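Architecture and fold: a report
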Amino acid sequence: MFTLGILNVYLVPELENLWLIAWVSIPVILLSQYLLYKLAFFKFIPILTKTYLMSLLVQMAQVITILFIILSFGIKENIANYTLIFLVSSIVAMVPISIGGIGVRELTFLYGSKWLGIQEDQAIAISLMFYLITLLVSATGLFFVPSSGSVKISSNKETATTD
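These notes cover the structure that comes with them. (Residues numbered from 1 in each chain as written. Predicted model: local features only at pLDDT ≥ 70, side-chain atom pairs only at ≥ 80, totals over all residues. Heavy atoms only, no water.)

Concerning the environment of Gln119
If you trace the backbone, Gln119 turns up in the loop between α5 (104-116) and α6 (120-139). For the pair Gln119 and Tyr82, spaced 37 residues apart in the sequence, the C-alpha separation amounts to 9.6 Å. Aside from chain neighbours lying at most four places away, what touches Gln119 is Tyr82 and Ser113. (Helix = DSSP H or I, 4+ residues; strand = E, 2+ residues; numbered from the N terminus. Contact = heavy atoms within 4.5 Å.)

So this is what it looks like as structure tokens:
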């Protein structure tokens, strides 16, 4: 998500003074992540590239969702500003101070909209729409939860059974 946010900085003219910092930060972040995995999570090094790419695809799907929401609101200007605020808000929403990031994401959209000069009400509405869509899509997972609520993992690594 951070990488996408850094790349998005290049699309926001108001942040032109940060372009050099953004350019340098991507390799620094990737190298830092690799070193962290090598030191603390060395067992996961063989799958680091694969999981990073899968994560990037998921985050890109979220950005595409936000783009569709933005377009559905009839917004045709400053789209990169909205997507940048979304990416920042998604990072902020990971901080465990609210349930599912609700409130934190909207606050980020509020302050970000003031900073980047976009409509506050539209920004917050976009944030809430994304949250509602995420909530509804996630709620469909309830149909796949075992009815008894307990899952037993057998000693065989390939099978799991439910009560």
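Once you've had a look at it, read on.
Side note on unusual backbone geometry
Phi angles above zero are rare outside glycine, and Asn78 is one such case at about 55 degrees. Relative to the helices and strands, Asn78 resides in the loop between α3 (48-72) and α4 (79-93). Since its relative accessible area comes to 36%, Asn78 is described here as partly exposed. (Buried < 20%, exposed > 50% of the residue type's maximum accessible area, 1.4 Å probe, protein only.)

Topic: the packing of aromatic side chains
Per the counting criterion, the structure on display carries two aromatic pairs. On the numbers, 5.5 Å between centres and 55 degrees between planes, the contact of Tyr37 with Phe41 is tilted. On the basis of relative accessible area, Tyr37 is assigned to the partly exposed category, the value being 23%. Between Phe86 and Phe130, the ring centres sit 4.8 Å apart and the planes meet at 70 degrees, which makes this aromatic pair edge-to-face. Of this pair, Phe86 sits in helix α4 while Phe130 sits in helix α6, and the two are 44 residues apart along the sequence. The pair formed by Phe86 and Phe130 is uniform in burial state, with each residue classed as buried. (Phe/Tyr/Trp six-rings, centres within 6.5 Å; stacked < 30°, edge-to-face > 60°.)

The analysis is restricted to geometry; functional conclusions fall outside its scope.
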